Amino acid sequence: MKCPRQTRRSLLLTTLATGAFLAGRFAAAQEDQPGSDERPQKGDLLVLSEAEHEGKIIKAGDLKLGEPPLHAWPKDSKTSVIRKGSRLNEILVLRLDPGEMDEETRSRSADGIVAYSAICTHTGCSVTGWLKSETGDKDVLKCFCHNSEFNPREGAQVVFGPAPRRLAALPLALADGSLTIAARFVGKVGAQQPG
Ligand code: FES
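If you're wondering where the values come from, they're calculated on a predicted model, not measured in any experiment. (Residues numbered from 1 in each chain as written. Predicted model: local features only at pLDDT ≥ 70, side-chain atom pairs only at ≥ 80, totals over all residues. Heavy atoms only, no water.)

### Structural notes on the overall build of the chain
Looking only at helices and strands, the chain features 2 helices and 10 strands. Element order for the chain, N to C, with α for helix and β for strand: α-β-β-β-α-β-β-β-β-β-β-β. Counting the 195 residues in the chain, one finds 40% classified as buried. Considering only contacts in the chain between residues 6 or more positions apart, those separated by 24 or more positions represent 54%. Summing over all exposed atoms, the chain offers an accessible surface of approximately 10700 Å²; the carbon and sulfur share of this is 55%. (Helix = DSSP H or I, 4+ residues; strand = E, 2+ residues; numbered from the N terminus. Buried < 20%, exposed > 50% of the residue type's maximum accessible area, 1.4 Å probe, protein only. Contact = heavy atoms within 4.5 Å. Areas by Shrake-Rupley, 256 points an atom, 1.4 Å probe, with all protein chains shown as cover.)

### Focus on the sheet that holds strand E5 (residues 129–132)
Remark on secondary structure: sheet strands pair via backbone hydrogen bonds, oriented parallel or antiparallel. If you walk across this open sheet you meet the 4 strands as E5-E6-E7-E8, and the pairing is antiparallel. The open sheet has two edge strands with one neighbour each: E5 and strand E8 (157–160). Each adjacent strand pair in this sheet contributes to an overall mean axis angle of 45°, direction not counted. Of the strand pairs in this sheet, strand E6 (residues 139–143) and strand E7 (residues 148–151) are connected by 3 bridges, and their pairing is antiparallel. Among the inter-strand pairings, Cys143 is bridged to a residue of E7, identified as Ser148. (Pairing = 2+ DSSP bridges. Axes fitted to C-alpha atoms, helices over the stretch in contact; angles between N-to-C directions.)

### Overview of unusual backbone geometry
Look at Asp111: it is not a glycine, yet its phi comes out positive at around 55°. Locating Asp111 in the fold gives a position in the loop between helix H2 (103–108) and strand E4 (113–117). Phi angles above zero are rare outside glycine, and Asn147 is one such case at about 70°. With respect to the helices and strands, Asn147 occurs in the loop between E6 and E7. With relative accessibility at 35%, the residue Asn147 sits in the partly exposed group.

### Thoughts on the pattern of salt bridges
A full pass over the atoms with the stated rule returns 12 salt bridges. A salt bridge links Asp62 to Lys56; the shortest N-O distance between them is 3.4 Å. Residue classification places Asp62 among the partly exposed positions, given a relative accessible area of 30%. What makes Lys56 partly exposed here is its relative accessible area of 41%. Across the salt bridge formed by Glu149 and Lys142, the nearest N and O atoms sit 2.9 Å from each other. Its relative accessible area of 0% is what places Glu149 among the buried residues. Since its relative accessible area comes to 5%, Lys142 is described here as buried. It is possible to trace a salt-bridge network through shared partners that takes in Glu38, Asp44, Asp76 and Arg83. (Salt bridge = Lys/Arg side-chain N within 4 Å of Asp/Glu carboxyl O.)

### Quick word on the pairing of E5
Side-chain direction in a regular strand flips from residue to residue, so the side chains alternate between the two faces of the sheet. Summarising the sheet, E5 and E6 pair through 4 bridges and their orientation is antiparallel. The residue bridging Leu131 from the neighbouring strand is Val140, located in E6. Count of turn residues in the E5/E6 antiparallel hairpin: 6 residues.

### A few points about the confidence of the model for the chain
When pLDDT is averaged along the chain, the result is 87; 82% of the residues meet or exceed 70. Within the model, pLDDT remains below 50 along residues 11–16, and this stretch shows 0 contacts once partners closer than five positions in the same chain are excluded. (pLDDT = per-residue confidence, 0-100.)

### Observations concerning the nonpolar core
Leu46, Ile58, Ile91, Val93, Ile113, Leu172 and Leu179 are the most contacted members of the largest nonpolar core, which totals 19 residues. For this core, the elements supplying multiple residues, two or more each, are strand E1 (45–48), strand E3 (91–95), E4 and strand E10 (178–181). Excluding anything up to four places from it in sequence, Val93 contacts Leu46, Leu63, Pro69, Leu70, Ala72, Ile113, Val114, Ala115 and Leu179. By size, the runner-up hydrophobic cluster in this structure holds 17 residues, among which are Met101, Ala118, Trp130 and Leu141. (Core = buried A, V, L, I, M, F, W, Y, C linked by side-chain atoms within 4.5 Å.)

Right, dumping it as structure tokens:
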């Protein structure tokens with residue numbers, strides 16, 4: 001006869017395995033949905049892409065001045081499809097002091113919040129750093145693959161490292177406190193394709 005503790009343990013393991021399997025199926029289904037690999041469109045919402053809070057709509061109040069960027073996906077506001085089928089849709093969202101932005105950056109911002117492609121223009125790594133620049137005393141967006149730095153106050157122009165171009169910018173607007181995308185990417189996303 002089976003030990004009851006062993007039976008409970010087997011049941012728990014089966015439940016966990018089933019849960020993980022279903023979560024995997026759900027994630028795969030999300031990525032297969034029509035529109036999931038299309039670039040961000042006007043009217044899309046922004047949702048968190050990080051594991052624990054993935055899919056949560058980003059509100060202006062979620063972003064604090066000086067804090068590191070939030071990592072986001074665009075989400076079709078009509079179909080609710082999260083456009084996570086392409087890593088070229090990875091977005092960085094952060095709040096800056098509008099007084100420190102150049103005019104173009106300010107014109108693309110909403111309530112001091114700006115958004116950029118998270119894909120480095122050098123060889124396409126994800127930009128994950130937010131720390132003091134090698135060349136100044138302000139925090140900048142940094143790609144740790146080869147240490148390129150981008151200044152988000154000036155349209156994410158390159159201020160250090162080998163990246164050949166600024167990060168693509170994503171104009172924002174606000175609707176009922178939620179951030180929405182006001183226009184498609186300005187600039188090319190990611191690294192230059194060879195040839
Ligand atoms: S890929 Fe980002 S610096 Fe090289």
